[in-house]
Amino acid sequence: MRRYFNTEGVCRPQIHYMVRLDERLKKIRSRYIERGSYFVINRGRQYGKTTTLKALAEYLRPDYIVLSMDFQEIGTAEFQDEAVFSRAFVEVLMKAYRYNGKTEDEEEVLKPLICFLKEAGNLTMREMFDRLSLICERAPGPIVLMIDEVDSASNYQVFLDFLALLRGYYLDRENKPIFHSVILAGVYDIKNLKLKLRPDSEHKYNSPWNIAAKYNLTMSFSAAEISSMLQEYEEDNRTGMNVQEIAENIYGYTSGYPYLVSAICKFLDEEMEEDNRYQNIEPWTKEGIAEAVKRILLEISVPLFDSMVKQLDHFSDLRETLERILYQGQQISFSPAEKSINMGMMFGFLKEENGRVAIANRIFEMYLLNDMWVHSPPLVAQANFNRIEKRDTM
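Residues numbered from 1 in each chain as written. Predicted model: local features only at pLDDT ≥ 70, side-chain atom pairs only at ≥ 80, totals over all residues. Heavy atoms only, no water.

Caption draft 1: Representation of the overall build of the protein within the structure. Assigned secondary structure in the protein consists of 15 helices and ten strands. For the protein, the residues scored as buried account for 52% of the 394 residues in total. A separation threshold of at least 6 residues defines the contact pool for the protein, and within that pool the share at least 24 residues apart is 71%. Total accessible area on the protein is roughly 19400 Å²; 46% of this is exposed by carbon and sulfur atoms. (Helix = DSSP H or I, 4+ residues; strand = E, 2+ residues; numbered from the N terminus. Buried < 20%, exposed > 50% of the residue type's maximum accessible area, 1.4 Å probe, protein only. Contact = heavy atoms within 4.5 Å. Areas by Shrake-Rupley, 256 points an atom, 1.4 Å probe, with all protein chains shown as cover.)

Caption draft 2: Quick peek at a negative patch on the surface. On the surface, a cluster of negative charge is contributed by D81, E82, E127 and D130. Relative to the helices and strands, E82 is located in helix α3 (residues 82-100). (Patch = residues over 30% accessible without salt bridge, like charges linked within 9 Å, V, L, I, M, F, W, Y side chains within 5 Å. Salt bridge = Lys/Arg side-chain N within 4 Å of Asp/Glu carboxyl O. Lys, Arg positive; Asp, Glu negative; His and termini not counted. Charge placed at Lys NZ, Arg CZ, Asp CG, Glu CD.)

Caption draft 3: How the structure looks around helix α8 (residues 243-254). When the terminal C-alpha atoms of α8 are compared, their 16 Å separation across twelve residues agrees well with the 16 Å that a helix rising 1.5 Å per residue should span. Taken residue by residue, α8 has V243, I246, A247, N249, I250, Y253 and T254 as its buried positions. The buried residues of α8 occupy an angular sector of 165° when projected down its axis, which confines them to one face. Of the residues trailing α8, S255 is marked for its positive phi of about 50°. (Expected span 1.5 Å × (residues − 1). Arc of directions from axis to C-beta.)

Caption draft 4: Spotlight on the nonpolar core. Among the nonpolar cores identified, the biggest contains 83 residues, and L230, I264, F305 and F364 are the most heavily contacted of them. When residues of this core are assigned to their parent elements, the largest contribution, eight residues, is made by helix α9 (residues 258-271). The residues touching F305, leaving out its near neighbours within four places in the chain, are L260, I296, L297, I363, F364 and Y367. Counting residues in hydrophobic clusters, the runner-up holds 51 residues, among them V92, L93, V158 and I190. (Core = buried A, V, L, I, M, F, W, Y, C linked by side-chain atoms within 4.5 Å.)

Caption draft 5: Quick peek at the packing of helix α11 (residues 303-314) against helix α12 (residues 316-326). Contact geometry of α11 with α12 gives a least axis separation of 5 Å together with a crossing angle of 105°. When the axes of α11 and α12 are compared, the pair comes out roughly perpendicular. Here L312, D313 and H314 of α11 lie close against α12, whose contacting residues are S316, L318, R319 and L322. Across the contact of α11 with α12, the residue classes tally to three nonpolar, two polar and two charged. (Axes fitted to C-alpha atoms, helices over the stretch in contact; angles between N-to-C directions. Parallel < 35°, antiparallel > 145°, perpendicular 65-115°, else oblique. Nonpolar A, V, L, I, M, F, W, Y, C, P; charged D, E, K, R; others polar.)

Caption draft 6: Broad picture of the sheet that holds strand β6 (residues 181-186). Across the sheet, which stays open at both edges, the four strands sit in the order β3-β6-β5-β4 with parallel pairing between neighbours. With one partner strand each, in any of the chains shown, β3 (38-42) and β4 (65-70) form the two edges of the open sheet. For this sheet the average axis-to-axis angle between neighbouring strands, irrespective of direction, equals 15°. Here β3 runs beside β6; their pairing, made up of five bridges, is parallel. (Pairing = 2+ DSSP bridges.)

Caption draft 7: Main features of the pairing of β6. Across the six residues that make up β6, a large majority, six, are buried. Neither face of β6 is open: one carries S181, I183 and A185, the other V182, L184 and G186, and all of them are buried. One ladder, built from four bridges, connects strand β5 (residues 143-148) with β6; its direction is parallel. Bridged to V144 within β6 is S181.

Caption draft 8: Looking closely at the pattern of salt bridges. In the structure shown here, the tally under the stated rule is 19 salt bridges. Between R98 and E106 there is a salt bridge, with its nearest N and O atoms 3.3 Å apart. For D172, the salt bridge identified is with K176, shortest N-O distance 3.9 Å. Of the residues examined, K176 reaches a relative accessible area of 34% and is grouped as partly exposed. Salt bridges sharing partners connect three or more residues here, namely R3, R20, E232 and D236.

Caption draft 9: Focus on helix α10 (residues 286-298). With 13 residues, α10 extends 19 Å from end C-alpha to end C-alpha; this agrees with the ideal 18 Å at 1.5 Å per step. Taken as a whole, α10 has its buried residues at G288, I289, E291, A292, V293, R295, I296 and L297.

Caption draft 10: The arrangement of the environment of L369 in detail. One can find L369 in helix α14 (residues 362-373). Looking at L369, the relative accessible area reads 2%, which means it is buried. A C-alpha to C-alpha distance of 9.6 Å links L369 and L322, two positions 47 residues apart in sequence.

Caption draft 11: Highlighting the packing of aromatic side chains. For the structure on display, the rule yields 29 aromatic pairs. Their ring planes at 55° and their centres at 4.4 Å tell us that Y47 and Y257 sit as a pair that is tilted. Residue Y47 is located in the loop between β3 and α2 (49-60), and its partner Y257 is located in the loop between α8 and α9; the two are separated by 210 residues in the primary sequence. The residues Y47 and Y257 share a single accessibility class, namely buried. Over the aromatic face of Y169 sits the side chain of K176, whose NZ or CZ is 4.4 Å from the ring centroid. For the cation-ring pair, R362 lies above Y253, with the distance from its terminal atom to the ring centre recorded as 4.4 Å. (Phe/Tyr/Trp six-rings, centres within 6.5 Å; stacked < 30°, edge-to-face > 60°. Lys NZ or Arg CZ within 6 Å of the ring centre and 35° of its normal.)

This is the structure in structure tokens:
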């Protein structure tokens, strides 16, 4: 089957053109896994988190028992009650263990959890962790636990209790065996998760996981990495493109945001040649890339942009910060302690540039201008659009 550029779900090098993750996986292993770190990978929507976790799991499996879970496998109702959550968590974890392929003494290793599921009554999470400690002691190798989509659990007391017990066992792991390393992945950083604890909608910040190592590896693609991906494509398809020039141009629009890179390439590869409107434009050129960007911005429903609008509707102070940058031309000093800046960085909307806050990439800048256009007087909106357009052509 011919490989293609993928914008839906997990990317796999056997069937998709993608940036190779080998160096990134080596760094994660040496800096975090081998040190037994517990850490969080939090990045914006469609930033390649799940693809990275899947690739990391395969990379680690020769030397580790990797239990890869997704909290979306646990239903909303199951987060409401400690006993129900504990049972659901154990069921998903056992499935992950069996999928891992470590068949030696599998039933003996899992016996504490099998017995846990057979017990009647209200099972506590502490009892569950006692059994998890037993399987970590019995397992034929160190266990790495990966949990994707932790955002799914962010509004529930049971998740706070789960994190607190993970922390407790981590601090006492010399005496009580537990997972060698734990990776949580989602959009929100753990310290920014808000937990609804009371019916009166009072919120508190969730901070029981201060053991987490800081994950500071970049997940955006460099121009060189995009170039390597395009070189593979060029070897297969012989388009005659200037690979380095096209890679730099794509990077100029996207700043390496994984979904946006793939979306541009997918349009150039699949849609441009089939659409009569573009018959006078060569796909793998600067003009072709400009047309691809226009098409992406004009799509009726792009999940990444839909999520962006949803977040800005929810966090009015973040929208105000973006408006100050885009429409008032303000230069805002970078301060991660500022709530709106912190949230914008977490969602991938903002970045730090020379000590100041900037929009993360040109495509986001264009989209936000279009989205905010309706909220500004026409002459003001046009003036600001012209200002940014003039800046980009200088």
